[in-house]
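Coordinate analysis (summary)
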Amino acid sequence: MTLIACSKIEIEPCDDGTNLYTLADYPIGVAADPGALNFISEYRDIAIEQFNSITPENIFKPELLHPQEDQFAWEQADQLVEFCQEHQKRLHGHTLIWHSQIPGWMQTFAGSNEEWEEMMKVHIQTICAHFKGKVSGWDVVNEAFNEDGSLRQTIWLENIGPSYIEKAFQFAHEADSNALLFYNDYNIAGEERKRNAIVNFMTDLKMRGVAIHGIGMQLHISISYPSERQMEDAMRQISDQGFLVHLSEIDISINPNSRDIEPTERRLQKQANTMVCVLDSYHQIPIDQQYGLTFWGVGDGHSWIPGHFNRVDYPLLFDEAYDPKPVYCALKQSL
Ligand code: XIL
């Protein structure tokens, strides 16, 4: 068992001469936005050279793709599709059904149960049909569970009922039967009630013939949470049920308690060792269930965490100057 060693292992300095993705047996992805890809050369170079899978950080979300009921905005998304085709990157679609970043018209939609279902169907199927053959998979439903394992109160639950999850998967599958379909959420490792509820729910759908292929563990984690054991258990529990496992939005906070901190060598080493522990767990699941890793941003200067949680943090592989950090070397060393 390498689990004890992962938090102690010595991280060797590394150069950034070899591309990350060429070292891995599965895709290594990054969340990206077309604006930054077009206008920031360092960001673009790293995205092209280091990663072979892309998740749109925002532009595939309902409020941006489907701003009005009768209007879809494809332009920026299509640019990203072109970028992926030109550079041979896998494109992972994120996300069809969520409670956040939804357009105003959807939030105030007035209709019967059937009309809500029809609205959800048109939303999902128009988008899936548009990107058919261009995306490898979809996060069909994102963050539908609370930490206690109950279903989150959302417009979808309220207006369609708990069957909205299963229906969302069915609609996506009808529109693009080749796409791999995922349920995606955070704290799956650390919150065991949430994890059990999700795994049981998705296993039940799968056993009843619903096309659900994988579970995305977002892994917005920190240098102190979750434990190595929880990470290992979660990945095993999901893969034991036959699901693909996507580590779908990785970032490792070095400041989970929102202090006024500096990125000291000690903290950056702990972050690097946490990466080793993640990889140790991931490598214990069967290779044909490893859909890949996706980091939630190129460098610390673009992370969503400081803005969203109002704290300083340094959670990604590259620093604000786009230089590789110890966590990058730890990843290279462990792939
Ligand atoms: C975040 C983006 O990174 C931010 O730019 C945006 O302002 C808010 O959303 N879980 C998810 C992602 O599934 O879509 C979120 O992305 C981060 C949390």
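Let me begin by describing the structure that accompanies this report. Computed from a predicted structure; not experimentally measured.

What counts and what doesn't
Residues numbered from 1 in each chain as written. Predicted model: local features only at pLDDT ≥ 70, side-chain atom pairs only at ≥ 80, totals over all residues. Heavy atoms only, no water. Helix = DSSP H or I, 4+ residues; strand = E, 2+ residues; numbered from the N terminus. Buried < 20%, exposed > 50% of the residue type's maximum accessible area, 1.4 Å probe, protein only. Polar contact = N/O pair within 3.5 Å; in protein donor to acceptor, adjacent residues only side chain to side chain. Near = heavy atom within 4 Å. Areas by Shrake-Rupley, 256 points an atom, 1.4 Å probe, with all protein chains shown as cover. Nonpolar A, V, L, I, M, F, W, Y, C, P; charged D, E, K, R; others polar. Disulfide = S-S within 2.5 Å. Axes fitted to C-alpha atoms, helices over the stretch in contact; angles between N-to-C directions. Parallel < 35°, antiparallel > 145°, perpendicular 65-115°, else oblique. Contact = heavy atoms within 4.5 Å. Phe/Tyr/Trp six-rings, centres within 6.5 Å; stacked < 30°, edge-to-face > 60°. Lys NZ or Arg CZ within 6 Å of the ring centre and 35° of its normal.

A few points about the side chain of Ser-248
Its location among the elements puts Ser-248 in strand β8 (residues 244–253). Residue classification places Ser-248 among the buried residues on the basis of a relative accessible area of 2%. Side-chain polar atoms of Ser-248 contact the side chain of Asn-184, separated by 2.6 Å.

Here we look at the site of the ligand
Around the ligand lies a shell of 13 residues, among which Glu-57, Lys-61, His-94, Asn-142 and Glu-249 are the nearest. Contact between the ligand and Asn-142: an oxygen atom at 2.9 Å from a side-chain N or O atom of the residue. Protein coverage of the free-state accessible area of the ligand, which is 420 Å², stands at 81%. Residue composition of the shell around the ligand, grouped by class: three nonpolar, six polar and four charged.

Quick word on the state of the cysteines
Two cysteines, two sulfur atoms, one covalent bond between them: this is a disulfide. In total, this model carries two disulfides according to the counting rule given. Bridging Cys-6 to Cys-277, the disulfide has an S-S length of 2.1 Å. The disulfide joining Cys-6 to Cys-277 has a torsion of about 95 degrees about its S-S bond and is therefore right-handed. Of this pair, Cys-6 sits in helix α1 (residues 3–6) while Cys-277 is found in helix α12 (residues 265–282), placing the two residues 271 residues apart along the sequence. Like Cys-6, the residue Cys-277 is buried in the burial classification. A disulfide bridge connects Cys-14 with Cys-329, and the sulfur atoms are separated by 2.1 Å. Its S-S torsion of approximately -80 degrees makes the covalent link between Cys-14 and Cys-329 left-handed.

Regarding the packing of helix α10 (residues 192–207) against helix α11 (residues 228–240)
Running from amino to carboxyl end, α10 crosses α11 at an angle of 10 degrees, the nearest separation of the two axes being 11 Å. Relative to α11, the element α10 lies roughly parallel. Along its contact with α10, which presents Glu-192, Arg-195, Asn-196 and Val-199, the element α11 presents Gln-230, Asp-233, Ala-234, Gln-237 and Ile-238. Taken together, the residues of the contact of α10 with α11 sort by class into three nonpolar, three polar and three charged.

Here's the deal with the packing of aromatic side chains
Under the counting rule described, the total for this entry stands at 14 aromatic pairs. Ring geometry for Tyr-26 versus Tyr-282: centroids 5.2 Å apart, planes at 90 degrees, classification edge-to-face. Of this pair, Tyr-26 sits in the loop between α1 and β1 (28–32) while Tyr-282 is found in helix α12, placing the two residues 256 residues apart along the sequence. For the pair Tyr-26 and Tyr-282, one class covers both residues: buried. Taking 5.1 Å as the distance between ring centres and 55 degrees as the angle between the ring planes, the aromatic pair formed by Phe-318 and Tyr-328 counts as tilted. One end of the pair, Phe-318, is in the loop between α13 (305–309) and α14 (326–334); the other, Tyr-328, is in helix α14, with 10 residues separating them in the sequence. Owing to a relative accessible area of 0%, Tyr-328 belongs among the buried residues under this scheme. Across from the ring centre of Tyr-291, 3.7 Å away, lies the NZ or CZ of Arg-90, which sits over that ring. A cation sits over an aromatic face here: Lys-206 above Phe-243, 5.2 Å from the ring centre.

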